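Given next are the chains, with one letter for each unit.
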Amino acid sequence: MKLLLCGQMEAGEWQVWRDALAAAMPEAQWLDRPAALAAADEVQAAVVANPPPGSLQGLPRLRLVQSLWAGVDRLLADPTLPPDVPVARMVDPAMTAAMAETALWATLALHRGFFAYARRQARGEWRVHAQRRADEIGVLVLGQGEMGRAAAARIAQLGYRVQGWRRDGSPLAPLLGQAQVLINLLPLTPATRGLLDAKLFAALPPGAGVVNLGRGAHVVDADLLAALNAGAIGQAVLDVFHQEPLPADHAYWRHPRVTLLPHAAALTDPRSAAAVAVANLRALRDGGALAHLVQRPRGY
Ligand code: GLV
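The structure displayed is predicted, hence computed values, not measured ones. (Residues numbered from 1 in each chain as written. Predicted model: local features only at pLDDT ≥ 70, side-chain atom pairs only at ≥ 80, totals over all residues. Heavy atoms only, no water.)

## Things to note about the sheet that holds strand E9 (residues 208–212)
In a beta sheet, neighbouring strands pair by backbone hydrogen bonds and run either parallel or antiparallel.
Turning to step 1, where the next piece is worked out: As summarised here, the arrangement of the six strands in space is E7-E6-E8-E9-E10-E11, forming an open sheet in which the pairing is parallel. The sheet is open, and its two edges are formed by strand E7 (161–165) and strand E11 (258–260), each paired on a single side. When the angles between neighbouring strand axes are averaged without regard to direction, this sheet yields 15°.
Turning to step 2, where the next piece is worked out: Of the pairings in the sheet, the one linking E9 to strand E10 (residues 233–238) comprises five bridges and is parallel in character. (Pairing = 2+ DSSP bridges. Helix = DSSP H or I, 4+ residues; strand = E, 2+ residues; numbered from the N terminus. Axes fitted to C-alpha atoms, helices over the stretch in contact; angles between N-to-C directions.)

## A look at the site of the ligand
Turning to step 1, where the next piece is worked out: Near the ligand you find Trp69, Ala70, Gly71, Met95, Arg215 and His263, and these make up its full shell.
Turning to step 2, where the next piece is worked out: Between the ligand and Arg215 there is a distance of 2.7 Å, counted from an oxygen atom to a side-chain nitrogen or oxygen.
Turning to step 3, where the next piece is worked out: Protein contacts shield 88% of the accessible area of the ligand, which totals 200 Å² for the unbound molecule. (Near = heavy atom within 4 Å. Polar contact = N/O pair within 3.5 Å; in protein donor to acceptor, adjacent residues only side chain to side chain. Areas by Shrake-Rupley, 256 points an atom, 1.4 Å probe, with all protein chains shown as cover.)

## Focus on the packing of aromatic side chains
How two aromatic rings sit relative to each other is given by the distance of their centres and the angle of their planes.
Turning to step 1, where the next piece is worked out: What the rule picks out here adds up to two aromatic pairs.
Turning to step 2, where the next piece is worked out: For the pair Phe241 and Tyr252, a centre-to-centre distance of 6.1 Å together with 55° between the ring planes defines the contact as tilted. In this pair, Phe241 is assigned in the loop between E10 and helix H10 (251–254) and Tyr252 in helix H10, connecting sequence segments eleven residues apart. Of the two residues examined, Phe241 and Tyr252, each falls in the buried class.
Turning to step 3, where the next piece is worked out: The ring centre of Tyr300 lies 3.9 Å from the NZ or CZ of Arg298, which sits over that ring. (Phe/Tyr/Trp six-rings, centres within 6.5 Å; stacked < 30°, edge-to-face > 60°. Buried < 20%, exposed > 50% of the residue type's maximum accessible area, 1.4 Å probe, protein only. Lys NZ or Arg CZ within 6 Å of the ring centre and 35° of its normal.)

## Details of the pattern of salt bridges
Turning to step 1, where the next piece is worked out: Scanning the entire structure with this criterion turns up twelve salt bridges.
Turning to step 2, where the next piece is worked out: For Glu125, the salt bridge goes to Arg127, with nearest N and O atoms at 2.7 Å.
Turning to step 3, where the next piece is worked out: By relative accessible area, Arg127 is classed as partly exposed at 43%.
Turning to step 4, where the next piece is worked out: For Arg133, the salt bridge goes to Asp135, with nearest N and O atoms at 2.9 Å.
Turning to step 5, where the next piece is worked out: Within this structure, Glu27, Arg282, Arg285 and Asp286 form a network of salt bridges that share partners. (Salt bridge = Lys/Arg side-chain N within 4 Å of Asp/Glu carboxyl O.)

## Quick notes on helix H4 (residues 93–112)
Turning to step 1, where the next piece is worked out: Taking 1.5 Å of rise per residue, the 20 residues of H4 would be expected to cover 28 Å, and the 29 Å separating its terminal C-alpha atoms lies within 8% of that figure.
Turning to step 2, where the next piece is worked out: Among all positions in H4, only Met95, Thr96, Met99, Ala100, Thr102, Ala103, Leu104, Ala106, Thr107, Ala109, Leu110 and His111 are buried.
Turning to step 3, where the next piece is worked out: Gly113 sits one or two positions beyond H4 and adopts a positive phi of about 70°. (Expected span 1.5 Å × (residues − 1).)

## Details of the sheet that holds strand E1 (residues 2–7)
Turning to step 1, where the next piece is worked out: The strand order E2-E1-E3-E4-E5 describes an open sheet built from five strands, whose pairing is parallel. Unpaired on one side and paired on the other, strand E2 (29–31) and strand E5 (87–88) mark the two borders of the sheet.
Turning to step 2, where the next piece is worked out: In the sheet, E1 pairs with strand E3 (residues 43–49) via six bridges, with the strands oriented parallel. Bridging from a neighbouring strand, Leu4 pairs with Ala46 of E3.
Turning to step 3, where the next piece is worked out: Strands in contact with helix H11 (residues 270–286) are E1, E2, E3, strand E4 (64–67) and E5; relative to E4, the strand with the most contacts, it is inclined by about 170°. (Contact = heavy atoms within 4.5 Å.)

## Some words on the nonpolar core
Turning to step 1, where the next piece is worked out: Counting residues in each nonpolar core, the largest one holds 27 residues, and the members touching the most others are Leu140, Phe201, Leu204, Leu224 and Tyr252.
Turning to step 2, where the next piece is worked out: Secondary-structure elements contributing two or more residues to this core are strand E6 (138–142), helix H7 (173–176), helix H8 (198–203), E9, helix H9 (221–229) and E10.
Turning to step 3, where the next piece is worked out: Broken down by element, the residue count for this core peaks at four residues, all from H9.
Turning to step 4, where the next piece is worked out: Beyond its immediate chain neighbours, meaning those up to four positions away, Leu204 contacts Leu176, Ala179, Leu182, Val210 and Ile233.
Turning to step 5, where the next piece is worked out: Counting residues in hydrophobic clusters, the runner-up holds 26 residues, among them Leu104, Val141, Leu213 and Ala266. (Core = buried A, V, L, I, M, F, W, Y, C linked by side-chain atoms within 4.5 Å.)

## What about the pairing of strand E8 (residues 181–184)?
Turning to step 1, where the next piece is worked out: Across the two faces of E8 the burial is the same, with Val181 and Ile183 and Leu182 and Asn184 all buried.
Turning to step 2, where the next piece is worked out: As defined by bridge partners, E6 adjoins E8 across four bridges and the pair is classed as parallel. Bridged to Val141 within E8 is Ile183.
Turning to step 3, where the next piece is worked out: In this sheet, E9 lies alongside E8 in parallel orientation, the contact comprising four bridges.

These figures come from the coordinates and say nothing about function on their own.
Given below as structure tokens:
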């Protein structure tokens with residue numbers, strides 16, 4: 001079986017993925033894009049990590065696109081993605097666990113005011129604030145997929161009052177007033193783009209914390225900055241941005257109430273994800289059922 005492996009990868013990352021995938025499926029031939037194009041009629045599937053648009057063009061026998069990323073918004077936005085080829089998301093247990101850890105860390109730090117203590121340290125200020133109990137803090141997790149559910153469960157273990165929201169479930173507005181901590185783990189679709197806007201921020205309790213672990217385009221940046229500057233939002237923890245890397249002159253970089261991560265809240269772990277991808281590739285080869293298929297019209 002000839003397979004294309006490509007995507008937006010750091011130097012050396014392609015080789016790491018190739019080695020992990022080849023160890024899990026030694027009988028396959030793992031090709032980069034030039035090699036795949038040279039054997040275009042034999043390439044049956046592509047394993048991709050957030051590939052640049054056009055990466056899947058020119059492969060007429062493609063029968064599966066297996067993403068190494070959980071979020072497939074960029075992949076689906078590629079107008080050259082063959083329309084009838086199934087696309088599978090990555091559901092990597094190690095990545096899900098890492099995301100739950102990041103969500104838990106942000107919740108703990110927001111609840112206990114540890115970001116405020118870090119600001120005071122930078123000023124050389126010794127000052128204690130009141131300590132609240134976990135059961136006094138409402139946490140709202142937007143998105144109830146693999147990651148949203150794992151994060152909510154992990155946070156609930158520590159005694160927080162956790163609610164989960166999914167877009168096709170109950171209305172969001174009544175939940176916002178209790179959410180001292182709002183965690184976004186929604187997929188990016190036309191229906192969720194810009195959901196975190198001025199209206200939503202205004203409905204949160206004063207000084208709430210906003211944690212964006214989904215996609216940058218879920219947030220209206222100007223609205224978040226205005227809410228932070230007005231004190232309506234007390235702190236934002238941001239892992240994802242409209243443009244990545246975040247431009248050097250962006251206001252988030254030096255905002256005292258923004259803690260940012262370089263899209264590192266949860267990385268796909270080749271050690272576990274290779275097995276997940278290979279299980280689907282073997283299912284394709286053997287006529288079995290494919291897992292984690294994206295519903296393209298829905299967008300995830
Ligand atoms: C990372 O953001 C991913 O979607 O895997």
